[in-house]
Amino acid sequence: MPSKSGFLETIQKGYTFSGAQLVLGAAQWEGTVFPETPVALPLKTMNRHGLIAGATGTGKTKTIQVFIRGVFGVLMKMFK
């Protein structure tokens, strides 16, 4: 099992992008959320297909809700 610092470093490297991005949440390690380590997607990749999969109760619906709210917020800023 990786260490907490190794986990956070991996998340930071994997979810750090230049340009506009949509923040979906933050890293979580053993029940502790680390807001200083955001999980985001670059907006320039939003023209591709995506898949949200998981077992019952793993947060698929919540993930889609956060995603839609985030995209709507970005669009509102663009067309203000």
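Definitions and cut-offs
- Chains are numbered independently. Their residues run from 1 in the order of the written sequence.
- In view of the model being predicted, local features appear only for residues whose pLDDT reaches at least 70, and side-chain atom pairs are presented and counted only at 80 or more, with totals across whole chains, interfaces and linings using the full set of residues.
- With hydrogens and water stripped out, all remaining heavy atoms of the structure feed into the side-chain values.
- Helix and strand assignments come from DSSP, with helices taken as H or I runs of at least 4 residues and strands as E runs of at least 2, each series counted from the N terminus.
- Burial classes: relative accessible area under 20% of the type maximum marks a residue as buried, over 50% as exposed, and values in between as partly exposed (1.4 Å probe, protein chains only).
- When checking whether two residues touch, look at their non-hydrogen atoms; a contact exists if any pair is within 4.5 Å.
- Computed by Shrake-Rupley with a 1.4 Å probe, the accessible areas treat only the displayed protein chains as cover when residues are assessed.
- Only buried Ala, Val, Leu, Ile, Met, Phe, Trp, Tyr and Cys residues count toward a nonpolar core, and they belong to the same one when joined by side-chain atoms within 4.5 Å.
- Definitions used for this entry: grid spacing 1 Å over protein atoms alone; cavity, a set of points where a 1.4 Å probe fits but cannot get out; pocket, an open set with protein on both sides within 12 Å along at least 5 of 7 lines; lining residue, one with an atom within 4 Å of a point.
- Grid points are joined across faces, edges and corners, and a volume is the space filled by probe spheres set on the points.
- Gly is placed with the polar residues, together with every amino acid not listed as nonpolar (Ala, Val, Leu, Ile, Met, Phe, Trp, Tyr, Cys and Pro) or charged (Asp, Glu, Lys and Arg).
- Between rings of Phe, Tyr and Trp, where Trp is taken as its six-membered ring, a pair exists when centres lie within 6.5 Å; planes separated by under 30 degrees are stacked, by over 60 edge-to-face, and by other angles tilted.
- Any two strands with at least two DSSP-identified bridges between them are counted as paired.
- pLDDT is a per-residue confidence score from the predictor, ranging from 0 to 100.

J.: Please explain the overall build of the chain as it appears in this structure.
T.: Broken down by element type, the chain carries two helices and two strands. Projected onto the principal axes, the alpha-carbon positions of the chain cover approximately 45 × 30 × 20 Å. Considering the chain as a whole, with its 80 residues, one finds that 15% of them fall into the buried category. A fraction of 37% describes how many contacts in the chain between residues 6 or more apart in sequence connect residues 24 or more apart. For the chain, the exposed surface amounts to about 6300 Å²; the carbon and sulfur share of it is 62%.

J.: Would you take a moment to explain the nonpolar core for this structure?
T.: Nonpolar side chains in soluble globular proteins generally cluster together in the buried interior. Membership of the largest hydrophobic core is limited to six residues, which are Leu 8, Ile 11, Ala 27, Trp 29, Phe 34 and Val 39. Looking at this core, the elements with two or more residues in it are α1 (4-14), β1 (21-29) and β2 (32-42). Non-local contacts of Val 39, meaning those with residues more than four positions away in its chain, are made with Ile 11, Tyr 15, Leu 22, Val 23, Leu 24, Gly 25, Ala 26 and Ala 27.

J.: I'm lost on the layout of surface pockets in this one. Help?
T.: One water molecule sets the probe size; rolling that probe over the atoms shows where empty space is left. For the largest pocket, the calculated volume is near 350 Å³. The wall of the largest pocket is formed by 16 residues, among which Leu 41, Gly 50, Leu 51, Ile 52 and Phe 67 lie closest to the centre. The element that contributes the greatest number of residues to the lining of the largest pocket is helix α2 (residues 60-78), accounting for four residues. Each residue belonging to the lining of the largest pocket can be placed in one class, and the counts come to eight nonpolar, six polar and two charged. As a volume, the second largest pocket reaches approximately 300 Å³. Elements that contribute at least two residues to the lining of the second largest pocket include exactly β1, β2 and α2. For the lining of the second largest pocket, a count of residues per class yields six nonpolar, four polar and one charged.

J.: Can you help me understand the packing of aromatic side chains in this one?
T.: What characterises a pair of aromatic rings is the spacing of the ring centres plus the angle enclosed by the ring planes. Here the structure, examined in full by the defined rule, presents one aromatic pair. Each ring, one from Phe 7 and one from Trp 29, has its centre 5.0 Å from the other, and the planes form 40 degrees; the classification is tilted. Of the two residues, Phe 7 sits in helix α1 while Trp 29 sits in strand β1, which places them 22 residues apart along the sequence.

J.: When you look at the pairing of β2 in this model, what are you seeing that I'm missing?
T.: Bridge analysis of β1 against β2 gives eight bridges, and the strand direction is antiparallel. Bridged to Ala 27 within β2 is Phe 34. Hairpin connection, β1 to β2: the antiparallel pair is bridged by two residues, and Glu 30 has positive phi, about 50 degrees.

J.: Before we go on, may I ask you to explain the confidence of the model for the chain in this structure?
T.: Caution applies to low-pLDDT regions: their predicted coordinates should not be interpreted in detail. Here the chain shows a mean pLDDT of 89. Residues at 70 or above account for 99%. Per-element mean pLDDT across the chain ranges from 88 in α2 up to 93 in β2.

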